[in-house]
Structures are given as C-alpha cells and as structure tokens.
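# Per-entry structural report
What follows is each chain in one-letter form.
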Amino acid sequence: MVSKTYISTKSIFLLASLAIFIFGSCRNDSPKDVEITAMPVKIQGQSNWSFYGCDGLFRYENQLKAEPSLIINGCFSTVNEDGTVSLYRATDGLKPMPGCRRLSSAGWCHDGLIPVSGLKSRIEVIDSLGRKRFTLTPVDGVEIIESSAAFFDGLLMIVNADGKYGYIDTEGNVRIKPKYYAADNFSEGKAMVEIPGKKQSDRRLYRFIDTKGNTLFDIPAHLRLETFNFKYGRVVARTAKGEMGFVDSTGEFQNAIPEAIGIGQYDDDYYCYMTKA
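Residues numbered from 1 in each chain as written. Predicted model: local features only at pLDDT ≥ 70, side-chain atom pairs only at ≥ 80, totals over all residues. Heavy atoms only, no water.

Moving on: the overall build of the chain. Scanning the chain from terminus to terminus reveals 1 helix and 25 strands. Counting the 277 residues in the chain, one finds 42% classified as buried. Expressed as a percentage of contacts within the chain between residues at least 6 apart in sequence, the contacts between residues at least 24 apart total 31%. Accessible surface computed for the chain: about 15,000 Å², of which carbon and sulfur atoms make up 50%. (Helix = DSSP H or I, 4+ residues; strand = E, 2+ residues; numbered from the N terminus. Buried < 20%, exposed > 50% of the residue type's maximum accessible area, 1.4 Å probe, protein only. Contact = heavy atoms within 4.5 Å. Areas by Shrake-Rupley, 256 points an atom, 1.4 Å probe, with all protein chains shown as cover.)

Below is the structure:
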C-alpha cells in the first residue's frame, strides 16, 4: 500500500476509482473483519495531510502536520516530531485516545484491541477506546520485548528477550509459550513457525501449527514458500525446480500451470499468474 499520495482537486474522480480498487484489494488480502476506510493524502497546494475515504470524501482536510497511517477499523496513528506516536479514533477528531499521546510504538486495531508500548514501559494491550486491558509480563521469567502489530485469529505473536516467538490470547493468557526461532501471524487457524535443527549444520524446519500449538504439517526441503499466511485455504509455494503452485491446508502441494513463473492474487476458484515475456 502506497501511503504517500499527492493529488490535485481535479483528480478526485480518478482517485475515487483508484481508491475503490485499493481498498478492495486491501480487504481481499486482509482478515474479513479488517476495514480500511481511508488513506492519507496530500492535496496539491496544501502543506498538511488529509484523509481520503473510499466513500470519495476528504476528512481532516489539511489538518494533520504529521503523515498519518491508514484508518483501520476506526483508528489511526501519527508519528510526532520527537519520534513518539499518537493514537486516535477517527470519530473523535484530532484528540488522541487517553494515555496515547506519546507512545514509543502502536499497532492497529483488530479484534477490538491494539498493542501499544509507552516510553520505557512494557507492552500493553488497550481497547479501541484507549482503555488498558492488560500488560505483557515476563513468561517463565523472560521479558516480552516485541509483539506483532495486531491480533489475528484471536492471538498476538510475541517475542521474548531470548529471541523466541510465541502467542498470547485476547485476555492476556499465554496460549503458546515462546519457543520458536521465528513465527508469523495466524490466518485461517494456522501459523508458520521455524524450528531449529538439532545441529547448527542442520537446515531449519518450517512448520504450520494450529491455535493450540499442535503440529499440522511441515514444509518439505524441496519447497520454498512464497507467501506465509493462509488465504482461501492455501499458500503460494515454489519447488526447487522452479515450479509454481500452492500448499493446501493438509500440506499437499498442487502445481499451477507449467508456464507460471509467479502467482499474484487468488481466491477459491481462480488465480493470477505471471509468465516469461
């Protein structure tokens, strides 16, 4: 998504069509309950930022000195001159949420929750009104120092001070303890994690797990994933020979057409692909 967009008032009709395409694409790639309603723009001749919505209307026109994020599920953020972050509800004007005027970082709203980090404080999870829900405290005595930007499938990916990845739920309970060398967000009840080899010379194993941490299947050595989050029951992969295709929810590889050298958008029935010129 391109966030820096400069337009003139004469290009509104063109941008309206473009916005429908952009926002539609965002929703197609994102979880079904993620709603992107406006993108940041600068109008020609104006010094400050505005929002342009998929309804074709401008919001906060020329009122935002700092470039804002997208409006996602009714919330957005800006980066202040001192590098701190402010978090807002799109319906509350330009008044930051309570306690969210100077944060060191902020995620985005999903499942009604937002992970944030204050200055020199632990990561907290707040609701869409800015109310604190819980703090990410140490797990087995090891501090949690990072998290993903949002909850997915009701789980937030966390990283401890030892560099191990795990997950907590929307109540702050540790669902899967940090133990993986790398991990991704959940999608359609599955997440990819990385398991180290028994010896340093061993290849690392990539595995899909369910929301309880159970192993679903491993990715064999001859496959390389091109995408990591399940969408429409599959992820894109490439064989060692360069053949394109999909890994389905059982771990089976399904070939795309032989001439495909890349795969773009797809759904249950169709996929876009690229070929050599």
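Tracing the backbone through its elements, the reader meets Gly251 in the loop between strand E22 (244-248) and strand E23 (253-255). Spatially, the C-alpha atoms of Gly251 and Pro220 are 9.3 Å apart, while their sequence positions differ by 31 residues.

Bringing the layout of surface pockets into the picture now. Counted as a void, the second largest pocket has a volume near 250 Å³. If you go around the second largest pocket, the residues you meet are Gln63, Leu64, Lys65, Ala66, Thr78, Val79, Asn80, Glu81, Tyr88 and Leu94. Going through the elements one at a time, strand E4 (58-64) and strand E6 (75-79) are the ones with two or more residues in the lining of the second largest pocket. Classifying every residue of the lining of the second largest pocket gives 5 nonpolar, 3 polar and 2 charged. (1 Å grid on protein atoms, 1.4 Å probe; cavity = no way out; pocket = protein on both sides within 12 Å on 5 of 7 lines; lining within 4 Å. Points joined across faces, edges and corners; volume = space filled by probe spheres on them. Nonpolar A, V, L, I, M, F, W, Y, C, P; charged D, E, K, R; others polar.)

Attention now goes to the packing of aromatic side chains. Scanning the model with the defined rule gives 12 aromatic pairs in all. Ring centres of Phe246 and Tyr271 lie 5.4 Å apart, and the angle between their planes is 65 degrees; on these two criteria the pair is classed as edge-to-face. Remark: Tyr271 occurs in strand E25 (residues 271-274) and Phe246 occurs in strand E22; sequence separation between them is 25 residues. It is Lys190 that lies over the ring of Phe230; its NZ or CZ is 5.0 Å from the centre. In this structure, Lys231 packs its charged tip against the face of Tyr266, placed 4.6 Å from the ring centre. (Phe/Tyr/Trp six-rings, centres within 6.5 Å; stacked < 30°, edge-to-face > 60°. Lys NZ or Arg CZ within 6 Å of the ring centre and 35° of its normal.)

Further remarks concern the sheet that holds strand E21 (residues 234-239). Here we have 4 strands laid out as an open sheet, ordered E20-E21-E22-E23, and antiparallel in their pairing. Every interior strand has two partners, whereas the edge strands, strand E20 (223-225) and E23, have only one. The mean inter-strand angle of the sheet, taken between neighbouring strand axes irrespective of direction, is 40 degrees. Across 3 bridges, the pairing between E20 and E21 is antiparallel. (Pairing = 2+ DSSP bridges. Axes fitted to C-alpha atoms, helices over the stretch in contact; angles between N-to-C directions.)

To continue, consider the sheet that holds strand E16 (residues 182-183). Read from one edge of the open sheet, 4 strands run E16-E17-E18-E19, paired in antiparallel fashion. Edge positions in the open sheet fall to E16 and strand E19 (215-218), since each of these has one partner strand only. Sheet topology note: the E16/strand E17 (residues 191-195) ladder contains 2 bridges and is antiparallel. Residue Ala183 lies in a different strand from E17, and its bridge partner there is Val193.

Across 3 bridges, strand E24 (residues 262-266) lies against E25 in antiparallel orientation. Its bridge partner lying in E25, Gly262 is registered against Met274.

Moving on: the environment of Gly163. By the element assignment, Gly163 lies in the loop between strand E13 (155-160) and strand E14 (165-169). A C-alpha to C-alpha distance of 6.9 Å links Gly163 and Tyr181, two positions 18 residues apart in sequence. Once residues within four sequence positions are removed from consideration, Gly163 is found in contact with Tyr180 and Tyr181.

Inspection of the secondary structure assignment puts Ser86 in strand E7 (residues 85-89). Within the structure, Ser86 has its side chain in polar contact with the side chain of Asn80 (distance 3.1 Å). If we skip the residues at most four places from it in the chain, Ser86 touches Phe76, Ser77, Thr78, Asn80, Pro96, Cys100 and Arg101. (Polar contact = N/O pair within 3.5 Å; in protein donor to acceptor, adjacent residues only side chain to side chain.)

Further remarks concern a negative patch on the surface. A contiguous patch of negative charge, built from Asp33, Asp111, Asp153, Glu188, Asp268 and Asp269, is present on the exposed surface. Structurally, Asp153 can be placed in the loop between strand E12 (144-147) and E13. (Patch = residues over 30% accessible without salt bridge, like charges linked within 9 Å, V, L, I, M, F, W, Y side chains within 5 Å. Salt bridge = Lys/Arg side-chain N within 4 Å of Asp/Glu carboxyl O. Lys, Arg positive; Asp, Glu negative; His and termini not counted. Charge placed at Lys NZ, Arg CZ, Asp CG, Glu CD.)

With that settled, the discussion passes to the side chain of Asp248. By secondary structure assignment, the location of Asp248 is in strand E22. Buried charge without a partner: Asp248 forms no salt bridge, and the closest opposite charge is Arg234, 8.9 Å away. Polar side-chain contacts of Asp248 include one of 2.7 Å to the side chain of Thr250. Among the polar contacts made by the side chain of Asp248, one reaches the side chain of Gln254 at a distance of 3.2 Å. With near-sequence residues (within four places) excluded, Asp248 lies in contact with Phe217, Phe230, Gly233, Arg234 and Gln254.

What follows is about the pattern of salt bridges. Enumeration over the complete set of coordinates arrives at 12 salt bridges. In this structure, Glu171 and Arg133 form a salt bridge, with 3.8 Å as the shortest nitrogen-oxygen distance. With Glu171 in the loop between E14 and strand E15 (174-180) and Arg133 in strand E11 (residues 132-135), this pair connects stretches of sequence that are 38 residues apart. Residue Glu226 pairs with Arg224 through a salt bridge whose shortest N-O separation is 2.8 Å. Overlapping salt bridges, with partners in common, bring together Arg224, Glu226 and Arg238 in one network.

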